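# Structural characterization, general
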Amino acid sequence: MTETGTARAGNPERDTLDKAGAENFPVAPFFLPRAWRADLMAVYGFARLVDDIGDGDLAPGGADARLLGLAPQDADDRLLLLDAFEADLGKVFDGTPNHPLLRGLRHTVRRHRLTPEPFLALIAANRQDQLVQRYETYDDLLAYCALSANPVGRLVLAVTGATTPERVRHSDAICTALQIVEHLQDVAEDLGRDRVYLPAADMKRFHVQEKDLAAPTAGASVRALIAYEAERARLLLDEGAPLVGSVHGRLRLLLAGFVAGGRAAVHAIAAAEFDVLPGPPKPGKLRLLREVGATLRGEG
């Protein structure tokens, strides 16, 4: 399941999966059953790779493009890469895909009878990133999160056999919150990609212009805007938190980790006095553990 070409050090599959440790939340922690860990890593690998394609973060050398059947001159064309990735995804459901991450995903899809829709939504979100760089309203941003984040939570529920309509609703709130938090952490990085995920209507309300987001440190208006959006994320986490109490055992601990990761990240943003421009505020492990405990106890 690895690519043996010499144009890229390492291999596409491992390079993608190794990014799991940098996420705000645990992807497939050790305490889960081995089968769950394998399936969650397969889902993560798909989501991480499609994001890397959309962000232009594939490792140099063009190995992923070659695996997807693209010519070397097309290796940097993100829309072509997404189209080729979607075509290879189709083979997960009715054939044998070329990319090793998708070959691994095929086993997860068959085991849990997963449908194409959540995977296609994640690809659609990254296509949207190539075409839409600004969001006028918070509702517009929520619609984007419904493509870019919520499908991941739905896949987690499906893999663990925990899907119900109410759990999906709570999961969507958590996933949207996690996406918003990530956007807040990455304001400067996103601006460098010519993307702004802070709603334009909110920027206007707080008298923030894009040039203010390019400053080395945030002024009072930017900090007030970030605080406002962070509170929205916190409320969404609280809205989704009943998901944790609706399940039992190791799944409950996993879902608590998702909520706690978001809450700890919000706390880190607040601890930085809402100045996210020098770099992403990241929570420490102790804070994360405290939030896990509070979430398991049902504390907001």
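All values derive from a computational prediction rather than experimental measurement.

Our focus in this paragraph is the overall build of the chain. Scanning the chain from N- to C-terminus turns up 16 helices and zero strands. Relative to the compact-globule value of 19 Å for 300 residues, the chain shows a C-alpha radius of gyration of 19 Å, a close match. Its C-alpha atoms put the chain at 50 × 45 × 30 Å along the principal axes. Here the contacts in the chain between residues at least 6 apart in sequence split such that 68% fall between residues at least 24 apart. Accessible area for the chain stands at about 13,600 Å²; split by element, carbon and sulfur atoms hold 54% of it. Taken together, the 35 basic and 41 acidic charged side chains of the chain have centroids lying 7 Å from each other.

Before going further, it helps to examine the environment of Leu81. By secondary structure assignment, the location of Leu81 is in helix H4 (residues 78-94). Linking Leu81 and Leu70, residues 11 residues apart in sequence, is a C-alpha distance of 7.7 Å. Discounting chain neighbours no more than four positions away, the residues touching Leu81 are Ile53, Leu58, Ala65, Leu68, Leu70, Asp74 and Ala75.

With that settled, the discussion passes to helix H2 (residues 34-55). It helps to recall that an α-helix has 3.6 residues per turn; residues three or four apart then point in one direction. With 22 residues, H2 extends 31 Å from end C-alpha to end C-alpha; this agrees with the ideal 32 Å at 1.5 Å per step. A positive phi of about 70° marks Gly56, the residue just after H2.

Now for the packing of aromatic side chains. Applying the stated criterion to the full structure yields eight aromatic pairs. Here the aromatic cluster, defined as three or more aromatic residues joined through ring pairs, consists of Phe46, Phe85, Phe93 and Phe119. Geometry around Tyr228 places Arg205 over its ring, the cationic atom sitting 4.7 Å from the centre. Taking the ring centre of Tyr138 as reference, the NZ or CZ of Arg232 above it sits at 3.7 Å.

Applying the stated criterion to the full structure yields 22 salt bridges. A salt bridge links Arg234 to Asp238, with the nearest nitrogen and oxygen atoms 2.8 Å apart. Taken together, the positions of Arg234 and Asp238, both in helix H13 (residues 220-240) and four residues apart, correspond to about one turn of that helix.

Attention shifts here to the environment of Arg195. Assignment of secondary structure puts Arg195 in the loop between helix H10 (187-192) and helix H11 (200-205). On the accessibility criterion, Arg195 (4% relative accessible area) is buried. Sequence separation of Arg195 and Leu58 is 137 residues, and the distance between their C-alpha atoms is 18 Å. In this structure Arg195 touches Gly54, Asp55, Arg78, Asp129, Gln130, Gln133, Arg134 and Asp190, once residues within four positions along its chain are discounted.

What follows covers the packing of helix H7 (residues 138-148) against helix H9 (residues 165-185). Interaxial distance between H7 and H9 falls to 9 Å at its minimum, and their mutual angle equals 110°. By the angle class used here, H7 and H9 are roughly perpendicular. Helix-helix and strand crossings are classified by hand; for H7 and H9 the assignment is right-handed. Contact residues: Tyr138, Leu141, Leu142, Tyr144, Cys145 and Ser148 in H7; Thr176, Gln179, Ile180 and His183 in H9. Per-class residue counts for the contact of H7 with H9 are six nonpolar, four polar and no charged.

With that settled, consider helix H8 (residues 150-159). Extensive coverage of H8 is indicated by the burial of seven of its 10 residues. Considered for burial, the residues of H8 that qualify are Asn150, Pro151, Gly153, Leu155, Val156, Leu157 and Val159.

With that settled, consider unusual backbone geometry. A positive phi angle, near 55°, is found at Arg113, a position not held by glycine. At Glu273, a residue that is not glycine, the phi angle is positive and equals roughly 55°. Assignment of secondary structure puts Glu273 in the loop between helix H15 (249-271) and helix H16 (285-296).

On to the packing of helix H6 (residues 117-131) against H7. Look at H6 against H7: their axes get within 7 Å of each other, and the N-to-C directions meet at 135°. Relative to H7, H6 is oriented oblique. Residues Ala121, Leu122, Ala124, Ala125, Gln128 and Asp129 of H6 pack against Tyr144, Leu147 and Ser148 of H7. Taken together, the residues of the contact of H6 with H7 break down into six nonpolar, two polar and one charged.

A word on the nonpolar core. One broad rule of soluble globular proteins: the nonpolar side chains tend to lie buried together. One finds Phe46, Phe85, Leu105, Leu198 and Leu213 to be the most contacted residues of the largest nonpolar core, which totals 81 residues. Every residue in contact with Phe85, bar those within four places of it in the chain, is listed here: Phe46, Leu49, Val50, Ile53, Leu68, Leu102 and Ile123.

To continue, consider the confidence of the model for the chain. Residues at a pLDDT of 70 or more form 91% of the chain, whose mean pLDDT is 92. The model gives residues 1-9 a pLDDT under 50, and that stretch makes 21 contacts with residues more than four places away or in other chains.

With that settled, consider the environment of Glu291. Here Glu291 shows up in helix H16. The spacing of Glu291 and Val181 is 110 residues in sequence and 16 Å in space, taken between C-alpha atoms. Once residues within four sequence positions are removed from consideration, Glu291 is found in contact with Ala260, Arg263 and Ala264.

So, how was this worked out
- Residues numbered from 1 in each chain as written.
- Predicted model: local features only at pLDDT ≥ 70, side-chain atom pairs only at ≥ 80, totals over all residues.
- Heavy atoms only, no water.
- Helix = DSSP H or I, 4+ residues; strand = E, 2+ residues; numbered from the N terminus.
- Rg over C-alpha atoms; globule rule 2.2 N^0.38 Å.
- Contact = heavy atoms within 4.5 Å.
- Areas by Shrake-Rupley, 256 points an atom, 1.4 Å probe, with all protein chains shown as cover.
- Lys, Arg positive; Asp, Glu negative; His and termini not counted.
- Charge placed at Lys NZ, Arg CZ, Asp CG, Glu CD.
- Expected span 1.5 Å × (residues − 1).
- Phe/Tyr/Trp six-rings, centres within 6.5 Å; stacked < 30°, edge-to-face > 60°.
- Lys NZ or Arg CZ within 6 Å of the ring centre and 35° of its normal.
- Salt bridge = Lys/Arg side-chain N within 4 Å of Asp/Glu carboxyl O.
- Buried < 20%, exposed > 50% of the residue type's maximum accessible area, 1.4 Å probe, protein only.
- Axes fitted to C-alpha atoms, helices over the stretch in contact; angles between N-to-C directions.
- Parallel < 35°, antiparallel > 145°, perpendicular 65-115°, else oblique.
- Left-handed = near helix turned anticlockwise from the far one by under 90°.
- Nonpolar A, V, L, I, M, F, W, Y, C, P; charged D, E, K, R; others polar.
- Core = buried A, V, L, I, M, F, W, Y, C linked by side-chain atoms within 4.5 Å.
- pLDDT = per-residue confidence, 0-100.

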